[in-house]
Each structure stands twice: as C-alpha cells, then as structure tokens.
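# Descriptive analysis of the structure
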Amino acid sequence: MIGHVRGLFFVDYPNLANPSPLNQVLYAITGFGHQAVMVFFVLSGYFIGTSVCESLDGRRWSWRVYLVNRLTRLQLVLLPALILGFVWDRIGMRLPQAASFYYGGLYKYYSPSVALRSTLPAFFGNLFFLQSVVSPVFGSNGPLWSLSYEFWYYILFPVLMIAAASWAGVRSRLLYLGLALVLFWFVGTQISLYFLIWLMGVLIGRVRHLSWPRTPRAMAFASVVAGLPLAVVLAWVRVHPGASEMMTDFTIGLCFSLWIYVLLQISREDVSQAYAKSAKTLAGFSYTLYLTHFPVLLLLRGVLDPRGNWQPDRWHLICALVITLLVLGYAYLVAEFTEARMGVVRRRLLQPWTPRPREVAR
C-alpha cells in the first residue's frame, strides 16, 4: 500500500529534483511491492501447506472443512472489496479532472483502461478467482492479480498431496493426479511456475528441525547471516531493474525461505505484549487492506492532484502520511465488518456438519 502511495502521488526517481541520500532510501524501500508478493507466497505456503500436511498425516482431511475455511477467508472480504472498488471507480469516472486515470491506461499499473475492465464478466471473473487466468482484474484494483494465484495454490496443493498419499486407493490417486494435470493446464504456465515459490514455504514446515544455540548473541548472529542473502538480492534488484523478473522472484523466494527457516529454529515465545498486540492488530486487517486500498488511492490521486506528481519535499511527505493513515483507517473499518467476523461465519457454516456431543461419545 505504501508503495502504491509513492507510485501514484510522487514523481518517478529519474524526475527527482533532489535525489538526496534520504530520497534514494525512501524510493528504494517503497519499491519492493512486487517482491513483497513473493514473500507472501512463501508465508502462505508455510501456513496453509503445513496445515494441509498435518490434516492428511493425521487422516483428518475433509474437503468440506478445508473449503469452508479457505473460501470464508477469501470471499468474506473479496465480495465487499469488489463492490466498494466499483463504487470508487464510478465516482472517479464522473469527475472531469480524474477522467484520464479511468479512461486511459495508467502506464505503471494497468492497461487497458479502468472503464474497459469495469464489466460484469470481469466482476464475476474476479469473484471466482479467474483474473490472470481468463479474466482481467476488475476495474482499477490491479493488486488482485495475485489473489487468483493464491486461490489455485490452495486447490492444487491438497490435490497433489492426496495423489501422492500412500493410504489413498490407486483409483483415487489416479483421479487426483489427472485433476492436478487439468488444473495446471487450466491456470497456465505462469501460475504453475510460481507455485514452486509457494512450495518453498511448504518445505520450511517439512524440513527436520535443527538444534540451535539459544544465547542472544548466537540467535542474533544466525538471523543476520541467514537474512543477508535476501538483503543482497533485494539490493541487486534495485541496481538491475531490467533483470529477469521470474529469475529474481525465484531467488527472492528461496532466500526468504532460508531466512524464515532459521528464524523459526531460533524463535522464542517470550515476546513483549505490546509487540504481540500490535502484530495481531495489523495482521487482523492486512488482507482487507490488500483488497481495498488501490481504488481509494486512485480516486484520491484524481481528486487531489490530477495534473502532476509530487516531489518528496516535507509538505508532500506529510500529505502522503495523512493519506496512508486515512487508507489504513478505511481498511480497518471495512475489516471490522468482514475479516473480523470470519470465525463466526465459519462456525455457522460448519455447524450443520459438526457432530453433537452425544454422537461423538458414541
């Protein structure tokens, strides 16, 4: 989100009036939006893949429970986000000073125009995770491209795991293998290849745990050494912007996986309450923020400064901070009515299939 604030409101780096060291750092750290998606793929593979493996290993697997859990997580926010995005886009299209952002391609983020992608087929294509497969992203919400990747990885991984499970019958394994091949064909080469980055996260949870020294000095040294390759690759990406995107994405996924693996080995549970509370709060609406921020930012861009981009001077940096806080507040408010109610919705959906205490006793 912060990267999009910088990209939408500020001039590109070659157009800086004052490329000071501070501005160079500012532009560097806000330019890793795409790389952050690779980080998310690894984290998603670790959390979701580990959960799937544990269910299958314990013979507790249920497609019904799994799909309810995954679809409530995704759809409870996605449908309102698509509707809200449509509303903000329609407002922007009606503002004469913002028309160029909606009826012409925004070179850094999308082509064709928002207007051409604000169609009913595109809406339902995104609702059913078909963007980047057979549908464009809906309206101005360009960040939605990665959600379809995520959804199909949720389906592909358990299908592959059941196809490889020794306890499944031969016929079932062949059927699941055939289904996996059909799914890989359907989603295409790009999504299929990036599945390997998602699987790096799964591997983190499956590799044998090692014994690490728990002294503060040893833990700090291990975390720095393990994180150094990731820092080097990110720096290299900034210096070589024209390098192969897929190659750098795979390298970032691999380096981040190594770092997370080491951090998991040396992690301790005695974190401060303040850190735990702030991390939980931010994580509690991060998905909503991802789905809702861009249409609002584009509308604000058209309203506040439709003619040109800002230089990163003190006044405009304060303006960007205010915009960032406003969008964070907006996402938090939407999450209170969607993401925060996910547990309640899941329990209600699963209740008809939950055995009663008497049935369990029997």
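Refer to the structure presented above.
One structure accompanies this document, and this report is about it.

Definitions and limits used
- One numbering rule holds for all chains: residues counted from 1, following each sequence as written.
- In keeping with the predicted nature of the model, local features appear solely for residues at pLDDT of at least 70, side-chain atom pairs appear and are counted solely at 80 or more, and the whole-chain, interface and lining totals rest on all residues.
- Hydrogens and water are ignored here; the side-chain numbers use all heavy atoms of the structure.
- Throughout, the protein atoms alone are placed on a 1 Å grid, and a set of points is a cavity if a 1.4 Å probe fits but cannot get out or a pocket if it is open with protein on both sides within 12 Å along at least five of seven lines; lining residues have an atom within 4 Å of a point.
- Grid points are joined across faces, edges and corners, and a volume is the space filled by probe spheres set on the points.
- By the criteria applied, helices consist of DSSP H or I runs no shorter than four residues and strands consist of E runs no shorter than two, each listed in order from the N terminus.
- Classification used: nonpolar for Ala, Val, Leu, Ile, Met, Phe, Trp, Tyr, Cys and Pro, charged for Asp, Glu, Lys and Arg, polar for all others including Gly.
- Here, a salt bridge means any Lys or Arg side-chain nitrogen found within 4 Å of an Asp or Glu carboxyl oxygen.
- Whether a residue is buried, partly exposed or exposed follows from its accessible area with a 1.4 Å probe, protein chains only, as a fraction of its type maximum: under 20%, in between, or over 50%, in that order.
- By the criterion applied in these results, polar contacts are pairs of N or O atoms within 3.5 Å in which, for protein atoms, one can donate a hydrogen and the other can accept it, and in which residues neighboring in sequence qualify only through two side-chain atoms.
- What counts as an axis is a line fitted to C-alpha atoms, over the stretch in contact for a helix, and the angles between N-to-C directions run from 0 to 180 degrees.
- Our angle categories are set so that under 35 degrees counts as roughly parallel, over 145 as roughly antiparallel, 65 to 115 as roughly perpendicular, and the remainder as oblique.
- Helix crossings are classified by the rotation of the near helix relative to the far one: an anticlockwise turn of less than a right angle makes the crossing left-handed, while a clockwise turn makes it right-handed.
- The contact rule is simple, with two residues in contact once any of their heavy atoms fall within 4.5 Å.
- For this count, His and the chain ends are skipped, Lys and Arg are scored as positive, and Asp and Glu as negative.
- Here a pair means two rings of Phe, Tyr or Trp (six-membered ring of Trp) with centres within 6.5 Å. Their orientation is stacked below 30 degrees between planes, edge-to-face above 60, and tilted elsewhere.
- Either the NZ atom of lysine or the CZ atom of arginine qualifies as a charge over a ring when it sits within 6 Å of the ring centre and within 35 degrees of the ring normal.
- Nine residue types can take part in a nonpolar core, namely buried Ala, Val, Leu, Ile, Met, Phe, Trp, Tyr and Cys, and a core is a set of them joined through side-chain atoms within 4.5 Å.

## Regarding empty space enclosed by the protein
This structure, assessed with the given rule, holds 1 cavity of 30 Å³ or more. Computed from the structure, the largest cavity encloses a volume of approximately 40 Å³. A81, L82, G85, F86, D89, F138, G139, S140, N141 and P295 are the residues that line the largest cavity. A per-element tally of the lining of the largest cavity places helix α4 (residues 63–94) first, with 5 residues. Class assignment for the residues of the lining of the largest cavity results in 5 nonpolar, 4 polar and 1 charged.

## Some points on the pattern of salt bridges
Between side chains of opposite charge, a pair can form when the charged atoms approach closely. Tallying each qualifying case throughout the model produces 2 salt bridges. Here E339 ties to R73 by a salt bridge, and the two come within 2.7 Å at their closest N and O atoms. Taken as a pair, E339 in the loop between α14 (314–337) and α15 (342–350) and R73 in helix α4 lie far apart in primary sequence, 266 residues in all. Exposure remark for R73: the relative accessible area of 23% places this residue in the partly exposed category.

## Details of the environment of S62
By secondary structure assignment, the location of S62 is in the loop between α3 (33–57) and α4. By relative accessible area, S62 is classed as partly exposed at 24%. Measuring from C-alpha to C-alpha, the distance between S62 and V52 comes to 9.9 Å, with 10 residues separating the pair along the chain. At 3.2 Å, the side chain of S62 forms a polar contact with the backbone nitrogen of V65.

## Let's talk about the packing of α4 against helix α7 (residues 120–127)
Between α4 and α7, the least distance of the axes is 10 Å, while the angle of their chain directions is 160°. By the angle class used here, α4 and α7 are roughly antiparallel. Crossing of α4 over α7 shows right-handed handedness. Residue-level contacts link Q75, L78, L79, L82 and I83 of α4 to F123, N126 and L127 of α7. Looking at the contact of α4 with α7 residue by residue, the classes come out as 6 nonpolar, 2 polar and no charged.

## Focus: the side chain of R346
Of note, R346 is situated in helix α15. Buried charged residue R346 carries no salt bridge. Nearest counter-charge: E339, at 9.3 Å. A polar contact is formed between the side chain of R346 and the backbone oxygen of N69, at a distance of 2.6 Å. In this structure, R346 is in contact with V68, N69, R70, T72 and R73, ignoring residues within four places of it in sequence.

## Focus on the packing of aromatic side chains
In the structure shown here, the tally under the stated rule is 28 aromatic pairs. Between F256 and W259, the ring centres sit 6.2 Å apart and the planes meet at 70°, which makes this aromatic pair edge-to-face. Placement of both F256 and W259 in helix α11 (residues 245–266) is noted, with a separation of 3 residues, approximately one turn of the helix. Taking the relative accessible area as the measure of exposure, F256 reaches 7% and is therefore buried. Measuring from ring centre to ring centre gives 5.5 Å for F285 and Y332, while their planes differ by 90°; the resulting arrangement is edge-to-face. Of this pair, F285 sits in the loop between α12 (273–284) and α13 (286–304) while Y332 sits in helix α14, and the two are 47 residues apart along the sequence. Taken together, the aromatic side chains of F41, W145, Y149, Y153, F157, F184, Y194, F195, W198 and F250 make up a single cluster linked through ring pairs. One Lys or Arg, R70, reaches over the ring of Y154 and ends 5.2 Å from the middle of that ring. Lying over the aromatic face of F32, R238 brings its terminal NZ or CZ to 5.2 Å of the ring centre.

## As for the nonpolar core
If you look at soluble globular proteins, the nonpolar side chains tend to sit buried side by side. Counting 57 residues, the largest nonpolar core has L78, L147, Y153, I197, W198 and L291 as the members making the most contacts within it. Where this core is concerned, the elements lending two or more residues are α3, α4, α7, α8 (145–164), α9 (170–206), α10 (216–239), α11 and α13. Those residues in contact with W198 that lie beyond four places of it in its chain are F41, S44, G45, I48, G49, E150, Y153, Y154 and F157. Counting 31 residues, the second largest nonpolar core, distinct from the first, contains V11, Y27, A98 and A320.

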